[in-house]
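Per-entry structural report
In case you want the letters, here they are:
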Amino acid sequence: MERMKVVHYLNQFFGQIGGEDKAGMPLQVKEGPVGVGQLIERESGGRLEVVRTIICGDNYAAENLEEVESIVLKWVSELRPDLFLAGPAFAAGRYGIACGTMCKAVQQKLGIPALSAMHASNPGVDAARKEIYILEAGDSTRDMKRVIPKMVSLAQKMIDRAPIGLPQEEGYFPRGIRINVRAEKRGSKRAVEMLLKKLRGEPFETELPLPQFDRVAPAPPIPDLSQAVIAMVTEGGIVPKGNPDRIEAHNASKYCKYFIGDVNDLTGESYQTAHGGYDPVYANEDPDRVLPLDAARLLEKERAFAKLYDYYYVTVGNVTAVASAARYGREIGEILLKDGVQGVILTST
Amino acid sequence: MVKEIERVGLPAVQICAIVPIALTVGANRIVRAVAIPHPTGDPKLDKGEEIELRKKLLRTALMGLSSKIQEQTVFKSEDLHTGTVR
Amino acid sequence: MDELVLRKVHIQDVVFGERTEVIDHVLRINREDLVRYLLEDRHLKSVEIKIARPGEKKRIIPVKDVLEPRAKLGGTHTTFPGFLGSAEPVGTGITSVLDGVAVVTCGRLVNFQEGLIDMAGPGAEFSLFSKKLNVVLVMEPVKDLGKYEHEEAVRIAGVKAAHYLGLAGNLATLDEETRYGVATWPEMENSYRGLPKVIYVDMVITQGLLHDNYIYGVNAQGSLPALLSPTELMDGAIVSGNCAAPCHKNTTYHQQNNPIVEDLLAEHGKTLTLLGVIAMPVRTALLDKERTCTQVLKMARFLGSQGAIVSEDGGGNPEADLMMLARLFEREKIKTVLVTDEYAGRDGASQGLADVTPQADAIVTNGNGNQYVILPPMDETIGHLEAIDVITGGHAGSLRSDGWIEMEIAGIMGSTVEVGSENLKTIAI
């Protein structure tokens, strides 16, 4: 039987080096299989041979993703294996992102089929599902026995260039690619049947799952506004004239903060908008139309609230950049909370 | 972004023109803005009227921050007189 | 209980002849007579009538609308009410149908939203109109006619021709007869107790030139939603003036033969009660959407709806209405299914709808309109082939020098029609 060469990527824990204490360890290479790699070899009846195992600490990978990627590419291309496997990462987020990143790089840059496995909640799924096959795994090693055979099965198909089934058949996350097919029944009939199931409380499957946005429980309200410190944030791109920090016009890669402790009014001479997604004329004439500082100062003087925070935060918003917006929101929220702010007013366009 | 700020524990209100999108994405406290290119302004008004408009929007936003809510709520300036803002 | 009797005459061929009549399942058309009738409209300079049969290597482009020949037998009402001199309510009585024939309005482009029909080859698979005996009106407007007048002239010509040919069905022996009961509310209550009550919301886009719909002859732009009986649709109560985009615009034919109506009626009295159809105009402004959707909710609640099917017309901003209705209905415990299509990009990787909401958990999709196809040259083009470079789905260079066409199925009439007449579907891989 011809044996297929596999290179396997693991983190410090599955690489049997250590636990969280070893998460900072840099890349290590071992010739031959380690731990899970042995399970994979056994499951494949010996057909898959893990010739090299690459082990990296989760923190080291997270902090040095590019460097780790280029070394992994080197170590993989040296051997020209038939397949690259990473994980299973289960619910370990840093590990999952590393697995997804390495698989993507190997597949796209070396043309070697790559495959990983992790839990639906792992951020590694969204990072790589479009480009590589990621099998759905449980959230802990209890799922190892179930997921290894699935990995081996899909791996063999990829190596043999056999036709790969639909996501639900093989167990991988839909890659977010949709193709047209012919259904047995026309659309109207499928709609009537779906409605009857819904009316009867029977399970049904939507043909177009929509992205879901989770809900957050409302935070406790400000008990006494007259004692409260309020901060203003804007996604409308209002920046000091000249956009000194170069916030991008679309889907900004960062947010900035600017001091307004001694400013009572935003004027077109000293401020402008950097946002490229709306007609800038009105905002450039009077930036208060996007970040209402003048009115806020007046209300502050009238003691509608105690004090306006000395800085405002700004980015350029865009609905599609949901992941970035979430991160900015979290970071800004944590900073403001630590600084004694009690409520936030955010303007967006 | 307001959803994530609220998740950290700070009440946060979003002033935006396309309310349905804010609702979809999950903002809890929303105030409808004037229009996309000028959420807190109206070029058709004179400067004095615009500032009053801004103050009203901000008062509505402050009402939003100090209101106890169970679910996503769009705050309207018409409700100001029943709110807690002076 | 009132009823509508649909008397279908199965037509196997269409030829030109001395009189317009049906003999032995062949529709003969007196070409001069029909042309003369259509040219009574002084806005039209010329009308050519061409026939395209299934399997013939013919391409029809640019297509504005498709209608099925139907006429009332007896009574003073007419099909396509509001267009032919009578606006009396329809949906009862007897209607003759020339089954297998379609009137296709074609000719000089009004605007780039028009479409294409291939009668053979790979393009034919994408449209049910490739299986029809198409009577194509190739119309040329008078010089310097404005776009609105042009659109109106060709729309009215289509209605006139469909009615004119439908009249020939009145004298022919019928092949198939279907009877639909048209009940009043008390009659429905009595007959169908215990069956879940369902409403069908038929969205009709009303957003301007080549984006309008007509209910009883009235441009529905300024209208609130209208409650119609399913059989009113069968009699042409809704006439389409919409062309955006060819793949998912509901032609007049699609409304006359509305498959959601047909499939709901097949279950009516058995597993559900179909209360009626709400024709819902769709406008661009948020305030208008809120107004129309809440009116639809009001009507649905008043009727006691427990379930609803909502179909889209067009794409883009109407998806905001789809989502708004889903939210409003589900909050009132009206179980809702949305019927739409997607623009998921040529690679199928884009988010296919312009708006989303968690309550839209039951969606039927009629395919991705961005699917790219390559169509071989045809022996004959009815209309103007060069229009392919500008119509939706096509692009500059769509018509290759070797005569092949590269385009998205967005430009093929009805390929992803959102009332669900076709069986194209999208799946995730």
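Up top is the structure.
Residues numbered from 1 in each chain as written. Chains lettered and ligands numbered in written order. Predicted model: local features only at pLDDT ≥ 70, side-chain atom pairs only at ≥ 80, totals over all residues. Heavy atoms only, no water.

Moving on to the overall build of chain B. For chain B, the count of helices and strands is three helices and three strands. Its helices and strands in sequence order give chain B the pattern α-β-α-β-α-β, from N to C terminus. Radius of gyration (C-alpha) of chain B: 13 Å, near the 12 Å computed for a compact globule of 86 residues. For the C-alpha atoms alone, the extent of chain B along its principal axes is close to 40 × 30 × 20 Å. For chain B, the residues scored as buried account for 59% of the 86 residues in total. Summarising the internal contacts of chain B: among those between residues at least 6 apart in sequence, 35% fall at separations of at least 24. (Helix = DSSP H or I, 4+ residues; strand = E, 2+ residues; numbered from the N terminus. Rg over C-alpha atoms; globule rule 2.2 N^0.38 Å. Buried < 20%, exposed > 50% of the residue type's maximum accessible area, 1.4 Å probe, protein only. Contact = heavy atoms within 4.5 Å.)

Looking now at the nonpolar core. Tyr9, Val72, Val76 and Phe84 of chain A are the most contacted members of the largest nonpolar core, which has 59 residues in total. A per-element tally of this core places helix H6 (residues 144-160) of chain A first, with nine residues. Non-local contacts of Phe84 of chain A, meaning those with residues more than four positions away in its chain, are made with Val7, Tyr9, Val72, Val76, Met102, Cys103, Val106, Ile112, Pro113, Ala114 and Leu115 of chain A. In terms of nonpolar packing, the next biggest core, distinct from the first, is built from 44 residues, Ala228, Leu291 and Val314 of chain A together with Ala61 of chain B among them. (Core = buried A, V, L, I, M, F, W, Y, C linked by side-chain atoms within 4.5 Å.)

Attention shifts here to helix H1 (residues 36-43) of chain A. Residues and elements named next belong to chain A. All of the buried residues along H1 are Val36, Gly37, Ile40 and Glu41. Viewed along the axis of H1, the buried residues span an arc of 145 degrees, placing them on a single side of the element. Buried-residue contacts for H1 involve strand E1 (4-11), strand E3 (48-56), strand E4 (83-86) and H6. (Arc of directions from axis to C-beta.)

Glancing now at the state of the cysteines. All names here are of chain A. Taken as a whole and assessed by the stated rule, the structure comprises zero disulfides over all chains. With no disulfide of its own, Cys103 has Cys99 as its nearest cysteine by sulfur position, at a separation of 6.4 Å. Owing to a relative accessible area of 0%, Cys103 belongs among the buried residues under this scheme. (Disulfide = S-S within 2.5 Å.)

Going from Gly87 of chain A to Pro88 of chain A, the amide bond is cis rather than trans, its omega being 10 degrees. By secondary structure assignment, the location of Pro88 of chain A is in the loop between E4 and helix H4 (93-110). Here Ile61 of chain C and Pro62 of chain C are connected by a cis peptide whose omega angle stands at 0 degrees. With respect to the element layout, Pro62 of chain C can be found in strand E6 (residues 58-63). Here the phi dihedral of Arg161 of chain A falls at roughly 55 degrees; this positive angle occurs in a residue that is not glycine.

Bringing the interface of chain A and chain C into the picture now. Taken together, the contact between chain A and chain C spans 37 residues of the former and 54 residues of the latter. Both faces combined, the contact of chain A with chain C buries some 4,000 Å², and carbon together with sulfur accounts for 60% of it. The tally of links between chain A and chain C comes to five salt bridges. Inspection of the region where chain A meets chain C yields 26 residue pairs in polar contact (both at pLDDT 80 or more). At the level of secondary structure, the elements contributing two or more residues to the side of chain A that touches chain C comprise strand E7 (178-182) and helix H8 (187-200) of chain A. A total of twelve residues in the side of chain A that touches chain C trace back to one element, the largest contributor, which is H8 of chain A. Taken together, the residues of the side of chain A that touches chain C sort by class into 19 nonpolar, six polar and twelve charged. Pairing analysis gives five bridges linking E7 of chain A to strand E26 (residues 424-428) of chain C, with the strands arranged antiparallel. Looking across to E26 of chain C, one finds that Val181 of chain A is bridged to Lys425 of chain C. (Buried area = accessible area lost by both parts, 1.4 Å probe. Salt bridge = Lys/Arg side-chain N within 4 Å of Asp/Glu carboxyl O. Polar contact = N/O pair within 3.5 Å; in protein donor to acceptor, adjacent residues only side chain to side chain. Nonpolar A, V, L, I, M, F, W, Y, C, P; charged D, E, K, R; others polar. Pairing = 2+ DSSP bridges.)

This next bit is on the pattern of salt bridges. In total, this model carries 55 salt bridges over all chains according to the counting rule given. Here Glu302 of chain A and Lys55 of chain B are joined by a salt bridge, their closest N and O atoms 2.6 Å apart. Separated into two different chains, Glu302 of chain A in the loop between helix H10 (293-301) and strand E12 (307-314) and Lys55 of chain B in helix H3 (residues 47-65) make up a pair that spans both. On the basis of relative accessible area, Lys55 of chain B is assigned to the buried category, the value being 9%. Between Arg59 of chain C and Asp118 of chain C there is a salt bridge, with the nearest N and O atoms lying 2.6 Å from each other. Taken together, the residues span a long stretch of sequence, with Arg59 of chain C in strand E6 and Asp118 of chain C in strand E11 (residues 115-118) at a distance of 59 residues. The exposure class assigned to Asp118 of chain C is buried, which follows from its relative accessible area of 1%. Here the residues in one salt-bridge network are Asp286 and Asp294 of chain A together with Lys47 and Arg54 of chain B, joined through shared partners.

With that out of the way, let us pick up the environment of Gly340 of chain A. All names here are of chain A. Looking at the element boundaries, Gly340 is found in the loop between helix H11 (322-338) and strand E13 (343-347). The exposure class assigned to Gly340 is partly exposed, which follows from its relative accessible area of 34%. Each C-alpha atom, one on Gly340 and one on Ala228, is 9.1 Å from the other, the two residues being 112 residues apart in sequence.

Axis separation between H8 of chain A and helix H6 (residues 259-267) of chain C bottoms out at 8 Å; the angle between their running directions is 45 degrees. Taken together, H8 of chain A and H6 of chain C sit at an angle that is classed as oblique. The way H8 of chain A lies across H6 of chain C gives a crossing that is right-handed. Contacts from Ser188, Lys189, Val192 and Leu196 of chain A in H8 of chain A reach Pro259, Ile260, Asp263, Leu264 and Glu267 of chain C in H6 of chain C. Of the residues belonging to the contact of H8 of chain A with H6 of chain C, the class tally is five nonpolar, one polar and three charged. (Axes fitted to C-alpha atoms, helices over the stretch in contact; angles between N-to-C directions. Parallel < 35°, antiparallel > 145°, perpendicular 65-115°, else oblique. Left-handed = near helix turned anticlockwise from the far one by under 90°.)

Another aspect to go through is the interface of chain B and chain A. Taken together, the contact pairs 51 residues of chain B with 56 residues of chain A. Here chain B packs against chain A, burying approximately 4,400 Å² in sum over the two surfaces, 67% of which is carbon and sulfur. Per-residue buried area on chain B facing chain A is highest for Met1, Leu10 and Leu58 of chain B; these three make up 16% of the total on that side. For the pair chain B and chain A, the number of links is six salt bridges. Note that Asp286 of chain A and Arg54 of chain B form a salt bridge whose closest N and O atoms lie 3.3 Å from each other. Scanning the region where chain B abuts chain A turns up 20 residue pairs in polar contact (both at pLDDT 80 or more). Elements with a contribution of two residues or more to the side of chain B that touches chain A: helix H1 (2-8), strand E1 (12-16), helix H2 (19-25) and H3 of chain B. The leading source of residues in the side of chain B that touches chain A is H3 of chain B, at ten residues.

This paragraph deals with a nonpolar patch on the surface. A surface patch of nonpolar side chains, amounting to about 200 Å² of accessible area, comprises Ile18, Ile21 and Ile36 of chain B. Taking the relative accessible area as the measure of exposure, Ile21 of chain B reaches 34% and is therefore partly exposed. (Patch = residues over 30% accessible without salt bridge, like charges linked within 9 Å, V, L, I, M, F, W, Y side chains within 5 Å. Areas by Shrake-Rupley, 256 points an atom, 1.4 Å probe, with all protein chains shown as cover.)

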